[in-house]
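# What the coordinates show
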Amino acid sequence: MPSPAIRRFISAFLLALATAAEGADDYELTPDSLPQSGVPQGVVTKFTWAESRIFTNTTRSWWTYVPAQYNPAQPACLMVFQDGGGYVKTTNSSYRVPVVFDNLIHKKEMPVTIGLFIDPGDLPAKPGEGPRLRPDGTTNTSPRNRSFEYDSLGDAYSRFLLEEILPQIESKYNITKDPEGRAICGASSGAICAWTVAWERPDQFRRVLSAIGSFTNIKGGHVYPSLIRKTERKPIRIFLQDGSNDLDNQFGNWPLANQQMAAALKFSGYDYKFVFGDGAHTGKHGGAIFPDALRWLWRDYQK
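Residues numbered from 1 in each chain as written. Predicted model: local features only at pLDDT ≥ 70, side-chain atom pairs only at ≥ 80, totals over all residues. Heavy atoms only, no water.

### Thoughts on the overall build of the protein chain
- A tally of regular secondary structure across the protein chain gives 10 helices and 10 strands.
- Residues counted as buried form 48% of the 303 residues belonging to the protein chain.
- Taking the contacts inside the protein chain whose residues are at least 6 apart along the sequence as the reference set, 77% of them involve residues at least 24 apart.
- About 14,400 Å² of surface is accessible on the protein chain, with carbon and sulfur atoms providing 54% of the total. (Helix = DSSP H or I, 4+ residues; strand = E, 2+ residues; numbered from the N terminus. Buried < 20%, exposed > 50% of the residue type's maximum accessible area, 1.4 Å probe, protein only. Contact = heavy atoms within 4.5 Å. Areas by Shrake-Rupley, 256 points an atom, 1.4 Å probe, with all protein chains shown as cover.)

### Description of helix H3 (residues 97-106)
- Of all 10 residues making up H3, 9 are buried, and the element is well covered by its neighbours.
- The set of residues buried in H3 consists of Val97, Pro98, Val99, Val100, Phe101, Asp102, Asn103, Leu104 and Ile105.
- On its buried face, H3 sits against strand E1 (43-49), strand E2 (60-66), strand E3 (77-82), helix H2 (84-87), strand E4 (113-118) and helix H10 (290-298).

### Observations concerning the pattern of salt bridges
- As enumerated under the stated definition, the model contains 17 salt bridges in all.
- For the salt bridge of Asp271 with Arg299, the shortest nitrogen-to-oxygen distance reads 3.1 Å. Taken together, the residues span a long stretch of sequence, with Asp271 in strand E10 (residues 271-277) and Arg299 in the segment after H10 at a distance of 28 residues.
- Bridged by salt links that share partners, the residues Asp32, Lys107, Glu109, Asp292 and Arg295 form one connected network. (Salt bridge = Lys/Arg side-chain N within 4 Å of Asp/Glu carboxyl O.)

### Points about the sheet that holds E1
- With mixed pairing, 8 strands are arranged side by side in an open sheet as E1-E2-E4-E3-E5-E6-E7-E10. Either end of the sheet is taken by a strand with one partner, and the two such strands are E1 and E10. The average angle at which neighbouring strand axes cross in this sheet is 15°, direction not considered.
- Two strands pair when backbone bridges link them, and E3 and E4 are joined in this way by 6 bridges, in the parallel orientation. Note that in E4 the partner of Phe81 across the bridge is Phe117.
- Contacts between helix H8 (residues 254-267) and the sheet are confined to strand E7 (237-243) and E10, with E7 contributing the most and set at about 155° to the helix. (Pairing = 2+ DSSP bridges. Axes fitted to C-alpha atoms, helices over the stretch in contact; angles between N-to-C directions.)

### Topic: the packing of aromatic side chains
- For the structure on display, the rule yields 21 aromatic pairs.
- On the basis of an interplanar angle of 85° and a centroid distance of 6.2 Å, the ring pair of Phe55 and Phe148 is categorised as edge-to-face. Of this pair, Phe55 sits in the loop between E1 and E2 while Phe148 is found in helix H4 (residues 146-151), placing the two residues 93 residues apart along the sequence.
- Exposure remark for Phe55: the relative accessible area of 3% places this residue in the buried category.
- Judged by relative accessible area, which is 48%, Phe148 ranks as partly exposed.
- Summarising the aromatic geometry, the rings of Tyr70 and Tyr173 are spaced 5.7 Å apart at their centres and angled 85° between planes, so their arrangement reads as edge-to-face. You can see Tyr70 sitting in the loop between E2 and E3 and its partner Tyr173 sitting in the loop between helix H5 (156-170) and strand E5 (182-187), a full 103 residues away along the chain. (Phe/Tyr/Trp six-rings, centres within 6.5 Å; stacked < 30°, edge-to-face > 60°.)

### A closer look at the packing of H3 against H10
- Where H3 meets H10, the axes come as close as 10 Å, and the angle between the chain directions of the two elements is 55°. In terms of orientation, H3 lies oblique with respect to H10. Handedness of the crossing formed by H3 with H10: right-handed. Contacts between H3 and H10 involve Val97, Val100, Phe101 and Leu104 from the former and Phe290, Pro291, Leu294 and Arg295 from the latter. (Parallel < 35°, antiparallel > 145°, perpendicular 65-115°, else oblique. Left-handed = near helix turned anticlockwise from the far one by under 90°.)

### Side note on the packing of H5 against helix H6 (residues 189-200)
- Axis separation between H5 and H6 bottoms out at 8 Å; the angle between their running directions is 80°. In this view, H5 runs roughly perpendicular relative to H6, as classed from their interaxial angle. Side by side, H5 and H6 meet where Tyr157, Ser158 and Leu161 of the first sit next to Cys193, Val197 and Glu200 of the second.
- Of the residues belonging to the contact of H5 with H6, the class tally is 4 nonpolar, 1 polar and 1 charged. (Nonpolar A, V, L, I, M, F, W, Y, C, P; charged D, E, K, R; others polar.)

### Some details on unusual backbone geometry
- Unusually for a residue other than glycine, Asn57 sits at a positive phi of about 65°.
- Here Asn57 shows up in the loop between E1 and E2.
- Note on Asn57: relative accessible area 56%, which makes it exposed.
- The backbone of Ser188 sits at a positive phi, close to 60°, despite the residue not being glycine.
- Turning to its location among the elements, Ser188 is positioned in the loop between E5 and H6.

### Brief notes about the pairing of E2
- Counting buried residues along E2, 7 of its 7 residues qualify, which places the element largely inside the surrounding structure.
- Alternating positions in E2 separate into two faces, Arg60, Trp62, Thr64 and Val66 on one and Ser61, Trp63 and Tyr65 on the other, with burial throughout.
- When E1 meets E2, the two strands line up antiparallel, connected through 7 bridges. Counterpart to Val44 in the pairing with E2 is Tyr65.
- As judged from the 4 bridges shared by E2 and E4, these two strands associate in the antiparallel manner. Looking at E4, one finds that Tyr65 is bridged to Gly115.

Next comes the structure, spelled out in structure tokens:
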């Protein structure tokens, strides 16, 4: 039986843990993520793509955002978002990218940037396949090809972007060819996908925004900290966000993985920023700091 002093210590410790848990992930959006009077609004257009030669037999939605300040005579910057359907929403979303872009471009706190929002591909259901269930019994509605596209290492997704999707948007808009003017963003598996694109093709993308990144062993992504340390530094700028209450499961520990990424980036001399809070595997923290992340990511950009 523990002594009364030890019991009091344990009680106080458990109370502190409970208090911390209640206060975790309580981040709020700032005015930069809300519509502002007098700010011109960009235009969002939706498309569908079912003709991929790289991710065959998939169907996906994708969207473009074109800011009101876009001038066809001037090349616009580009920012690509994985899991695009979540990022392109302007209500009931942590990120509300079109609103944030409207506000920051209007204030000249980021360059005139066209947004490209891409969902992962969905494969046809197998004959007789019923609802896909998670271990907790809830229905898994995520696209069937998401993990294969996002968590895999190698150049398949970068080729998908550069060979299949970007030519469609470049045929309509004047997009800069300067890799310093091209950014890519994602959360969770979408974040490691964004990093992989820049890692494979820094000649095309040099700015990365990673939220709650899955730099774990889902499909080998846990090797990145070691690769970063052993490979000559690439011209990539990256903003990392994660929280102490992120996932810990059979694939790895997300907070530790992101801390390892930050340590490796520091060791190798990358231009990086790591914001570590107490959030869970949600978009609340990443969405709350998204405007500031964009300011940091696009700082000193010269057309």
